[in-house]
Amino acid sequence: MRVAGIDCGTNSIRLLIADIDDDGKLTDIERRLEIVRLGQGVDRNGRFDTGALERTLAVVDDYGQQIRHYDCESVIFAATSATRDASNRDIFIDGVYERLGVEVNVFSGEEEARTSFAGAISALSDPHEPLLAVDLGGGSTELVLGKADGTVLSAFSMDIGSVRMRERRLLSDIPTPQELNAARADIRLALDQAEQHVALEQAQAVVGLAGTITSVAALSLGLTAYDSQRIHGLTMSIPEIDRATQWFIDASGEERAGVAFLHPQRADVIGAGALVWQEVVHRIVERSAHAGNPISEVTISEHDILDGLALRAAGCVS
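Not measured: the values here are computed from a predicted model.

Q: What should I look at first to understand the UniProt feature "domain: Ppx/GppA phosphatase N-terminal" (unreviewed entry) in the chain in this one?
A: Taken from the UniProt record, the annotation "domain: Ppx/GppA phosphatase N-terminal" (unreviewed entry) applies to residues 17-288. Across residues 17-288, helical content stands at 48% and strand content at 18%; the span's end C-alpha atoms are separated by 38 Å.

Now the structure itself:
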């Protein structure tokens, strides 16, 4: 069966066209990413910007051509944090339907978390469990504790992400100490709320998903060109994560723009995303050590909600 999944987040819109066999294994046909910043200004204004809508719908047009070219049998389109928050979301939803003929699934934070977990689990071999998956996006960050068979034990979506924190707190080219302190306070408060739902201390392993986290991994590897094969399955120690995230946090816009593998339109928000990832990892390490099962490393995955959407389009997950 040939399926297509589209994940439209706060910062990027991604397409996966894949064949799926009887065992639920995905084989990529086409995997695309465009950074359109749909969520530009949504945290501040509560509405989609006209220019952001135009950029995003232009990419939807392009993705529609690919879906028709590859003759996909089933298509699922999911919109996440920015669309949840935008009061004028109907303009976007109607625009997608006009172009693709499919309804937009505006995922709740819990739906987003569960679909991300399904995608991550599909590409991991024999992970320790309970497994904690962290999906760090532009508008939100999902924490999911679950089992290797895909069973979700608990999940929570924090309204904390790379674009949201950049627009809300980190306004300077190189963030000031005051900006960083305010951002860290926001992230820690969100983690306090998350811990009312997800027992971080129960995690026996951690997997990190999505663009900020894979970019941190690429920097740690010293890549000059993005290489998903080297990144997927990479195990990073906590000191390695600290060094790479701190570089992005401290770097100037010119320095970030000079990172060869980094998408130019990710450069302005990667520092904020790195700060979120650093704080999340520190909280997990603290809680796991206190519980007597210290987490000393994190596995990086290239497979996430996009893979989960493809599985959902094929009816393999609900």
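There's plenty left to go through after this.
Q: Please explain the pattern of salt bridges as it appears in this structure.
A: Oppositely charged side chains can form a pair if their charged atoms are brought close together. As enumerated under the stated definition, the model contains 25 salt bridges in all. Ionic pairing is found between Arg32 and Asp62, a salt bridge with its closest N-O pair at 2.5 Å. Of the two residues, Arg32 sits in strand β3 (residues 26-35) while Asp62 sits in helix α2 (residues 50-69), which places them 30 residues apart along the sequence. A salt bridge links Arg256 to Asp173; its shortest N-O distance comes to 4.0 Å.

Q: Can you help me understand the nonpolar core in this one?
A: Looking at soluble globular proteins, one finds that nonpolar side chains tend to be buried together. If you look at the biggest cluster of nonpolar residues, it comprises 49 residues, and the most contacted ones within it are Leu132, Leu143, Met158, Trp277 and Val280. Of the residues forming this core, the biggest block, nine residues, is contributed by helix α12 (residues 270-290). Once residues lying within four places of it in the same chain are set aside, the contact partners of Trp277 are Val134, Leu136, Gly208, Ile213, Val216, Ile241, Thr245 and Val298.

Q: How should I be thinking about the packing of aromatic side chains in this particular structure?
A: Note on aromatic pairs: each is described by the distance of the centres and the angle between the planes. One pass over the structure, following the stated rule, counts three aromatic pairs. Look at Phe48 and Phe92: their rings are 5.8 Å apart centre to centre, the planes differ by 70 degrees, and that puts the pair in the edge-to-face class. Note that Phe48 is positioned in the loop between α1 (42-45) and α2 and Phe92 in helix α4 (residues 89-100), a separation of 44 residues in sequence. Neither residue differs from the other here; Phe48 and Phe92 are each classed as buried.

Reading the values: rules and limits
Residues numbered from 1 in each chain as written. Predicted model: local features only at pLDDT ≥ 70, side-chain atom pairs only at ≥ 80, totals over all residues. Heavy atoms only, no water. UniProt positions renumbered as here; feature names shortened; annotations may be inferred. Helix = DSSP H or I, 4+ residues; strand = E, 2+ residues; numbered from the N terminus. Salt bridge = Lys/Arg side-chain N within 4 Å of Asp/Glu carboxyl O. Core = buried A, V, L, I, M, F, W, Y, C linked by side-chain atoms within 4.5 Å. Buried < 20%, exposed > 50% of the residue type's maximum accessible area, 1.4 Å probe, protein only. Contact = heavy atoms within 4.5 Å. Phe/Tyr/Trp six-rings, centres within 6.5 Å; stacked < 30°, edge-to-face > 60°.

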